[in-house]
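Given next are the chains, with one letter for each unit.
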Amino acid sequence: MAGMNPAARTHAVILAAGYSTRMGGRPKALRRIGSGSMLSLAVNALRKGGVAHIHVVTGHGEAEVTAAARELGTGIIHNQEFARGMFHSLCEGFEHVLALLEQQRELPSGLAATNDAAPGCCLLLPVDAALVHSWTVSRLLGYWRELAGRSPELGQKAVLVPAFAGQSGHPPLLGAFHLAEVLRRKKELAASDGMRGYMARLFRENASKDLPSAKGPMGSWRFRTAPDQGPSRRNW
């Protein structure tokens, strides 16, 4: 709905379904860093940064991770086929977010992003990238709202990724168009290089300009803009 508060259209998916083999098998989400678990730190950063709807994809250690997610007040998406890898969990999350956006009437039937659709977006965060700063999240959402304010299509097709010292970081932000596109190409991407390849090709095929750097609590960050945004922004 065009009159809906933009905050209602912001989602985040935390990927917390993996085996955590290199950490002894205990779910990464429950590992503690300082005063909190990886999951609590990730949720708090996203929430403080302005994300309205946070969803945790569970798999390995489902009961424990689900209990922790419920305590934190997030949505829960259980991936029964988590053993198929992170890309499959990511797709489960995208399907869930797109269904919610449809319910909000932000996407027309069939998940097609059109010019007259109120835009929605989703941030994607592996749970072991829990030290992301809320400032980064807030900046990403601010840039996305600016794009969506220019036109719904720009909001739907936005791709924003923070970069620091020349390296891309977390969390990437994708407009709803890209969630639907990844699901449409799910088999093809699963057989090749998954989400990383999808993102890399977007930026390789679409030249764009860096934004001015922004001073934040972790140093100077630079946000680049993504395809189909004209004079807007690119990242990755």
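Conventions adopted
- Here the residue numbering is sequential within each chain, running from 1 through the sequence in written order.
- A pLDDT threshold of at least 70 governs which residues receive local features in this predicted model, and a stricter bar of 80 or more applies before side-chain atom pairs are shown or counted, although totals over entire chains, interfaces and linings include all residues.
- Note that water and hydrogens are dropped before the side-chain values are worked out from all heavy atoms of the structure.
- Strands here mean DSSP runs of E at least two residues long; helices mean DSSP runs of H or I at least four residues long; both are numbered from the N terminus.
- The contact definition used throughout considers only heavy atoms, calling two residues in contact when any of these lie within 4.5 Å.
- Exposure was quantified through the Shrake-Rupley algorithm and a 1.4 Å probe, taking into account, for residues, occlusion by the shown protein chains and nothing else.
- Side-chain atoms within 4.5 Å are what join buried Ala, Val, Leu, Ile, Met, Phe, Trp, Tyr and Cys residues into a set we call a nonpolar core.
- For each residue, the accessible area found with a 1.4 Å probe, counting protein chains only, is set against the maximum for its type, and the residue is called buried under 20%, exposed over 50%, and partly exposed in between.
- Being paired, for any two strands, means DSSP has found at least two bridges between them.
- Seen with its strands pointing away from the viewer, a crossover is right-handed when the path leading from the first strand over the helix to the second is clockwise.
- When two rings of Phe, Tyr or Trp (its six-membered ring) have centres within 6.5 Å they constitute a pair, described as stacked for plane angles under 30 degrees, edge-to-face for angles over 60, and tilted for the intermediate range.
- Counted as over-ring charges are cases with an Arg CZ or a Lys NZ within 6 Å of the ring centre that also lie within 35 degrees of the ring normal.
- Any pair of N or O atoms that falls within 3.5 Å is considered a polar contact. Within protein, one atom must be able to donate a hydrogen and the other to accept it, and sequence-neighbouring residues count only if both atoms are side-chain atoms.
- Salt bridges, as used here, are contacts in which a Lys or Arg side-chain nitrogen is within 4 Å of a carboxyl oxygen on Asp or Glu.
- The axes are straight lines fitted to the C-alpha atoms, using for helices just the contacting stretch, and the angles between their N-to-C directions are given from 0 to 180°.
- Whether a crossing is left-handed or right-handed is set by the direction in which the near helix is turned from the far one by less than a right angle, anticlockwise for left-handed and clockwise for right-handed.
- Gly is put with the polar residues, along with every residue not named as nonpolar or charged; the nonpolar set is Ala, Val, Leu, Ile, Met, Phe, Trp, Tyr, Cys and Pro, and the charged set is Asp, Glu, Lys and Arg.

Chemist: Would you explain the overall build of the chain in this entry?
Modeler: Looking only at helices and strands, the chain has eight helices and 11 strands in total. For the chain, the share of sequence-separated contacts (at least 6 apart) that also reach a separation of at least 24 residues comes to 66%. Put simply, the chain shows about 10,900 Å² of open surface, and 51% of that area lies on carbon and sulfur atoms.

Chemist: How should the nonpolar core be read in this particular structure?
Modeler: Generally speaking, nonpolar side chains in soluble globular proteins are found buried as a group. The biggest cluster of nonpolar side chains holds 35 residues, and the ones touching the most others in it are Ile14, Leu39, Leu46, Val51, Leu123 and Leu173. Of all the elements in the fold, those that place two or more residues in this core are β1 (10-16), α1 (38-48), β4 (53-58), α2 (62-72), β6 (121-126) and α4 (134-150). Here the element with the most residues in this core is α4; it accounts for seven residues. Those residues in contact with valine 51, other than ones at most four positions away along the chain, are Thr10, His11, Ala12, Leu46, Leu123, Val137 and Leu141. One finds Phe82, Leu124, Met195 and Tyr198 within the second-largest nonpolar core, a separate group that totals 28 residues.

Chemist: Sorry if this is basic, but what is going on with the pairing of β4 here?
Modeler: Two faces belong to every sheet, and in a regular strand the side chains alternate between them. For β4, the tally of buried residues reaches five of six residues, placing the bulk of the element in the interior. Two elements, β1 and β4, share six bridges in a ladder whose sense is parallel. Looking at the pairing, valine 13 lines up with histidine 55 of β4. Bridging between β4 and strand β5 (residues 75-78) involves four bridges; their strand directions are parallel. When the bridges of β5 are listed, valine 56 appears paired with isoleucine 76. Read as a crossover between parallel neighbours, the route from β4 over α2 to β5 is right-handed.

Chemist: Before we go on, may I ask you to explain the packing of aromatic side chains in this structure?
Modeler: Note on aromatic pairs: each is described by the distance of the centres and the angle between the planes. One pass over the structure, following the stated rule, counts one aromatic pair. Directly above the ring of phenylalanine 177 sits lysine 157, whose terminal nitrogen or CZ lies 5.0 Å from the centroid.

Chemist: What am I meant to see in the environment of arginine 184 here?
Modeler: Residue placement: arginine 184 occurs in helix α6 (residues 176-184). Among the polar contacts made by the side chain of arginine 184, one reaches the side chain of glutamate 181 at a distance of 2.6 Å.

Chemist: Could you clarify how one ought to interpret the environment of alanine 68 in this entry?
Modeler: Mapped onto the secondary structure, alanine 68 falls in helix α2. Here the alpha-carbon distance between alanine 68 and serine 37, two residues 31 residues apart in the chain, equals 9.3 Å. In contact with alanine 68, not counting residues within four places along its chain, are Leu30 and Leu39.

Chemist: Could you clarify how one ought to interpret the pattern of salt bridges in this entry?
Modeler: Note that side chains of opposite charge can pair when their charged atoms are close. For the coordinates displayed, the defined rule picks out six salt bridges. Between lysine 157 and glutamate 153 there is a salt bridge, and its shortest N-O distance comes to 3.3 Å. Owing to a relative accessible area of 32%, glutamate 153 belongs among the partly exposed residues under this scheme.

Chemist: Which parts of the structure should I look at to understand unusual backbone geometry?
Modeler: Excluding glycine, residues mostly have negative phi values, and the peptide bonds linking residues are mostly trans. Backbone torsion omega between histidine 170 and proline 171 reads 0 degrees, so that peptide bond is classified as cis. Following the sequence through the fold, proline 171 ends up in the loop between β8 (167-168) and β9 (173-175).

Chemist: Which parts of the structure should I look at to understand the packing of α1 against α2?
Modeler: Angle between the axes and distance between the axes are the two parameters that describe a pair of packed helices. Relative to each other, α1 and α2 sit at 30 degrees, their axes nearing to 10 Å. Handedness of the crossing formed by α1 with α2: right-handed. In contact with Leu39, Ser40, Val43 and Arg47 of α1, α2 contributes Val65, Ala68, Ala69 and Leu72. Classifying every residue of the contact of α1 with α2 gives six nonpolar, one polar and one charged.

Limitation: the analysis is restricted to geometry and does not speak to function.
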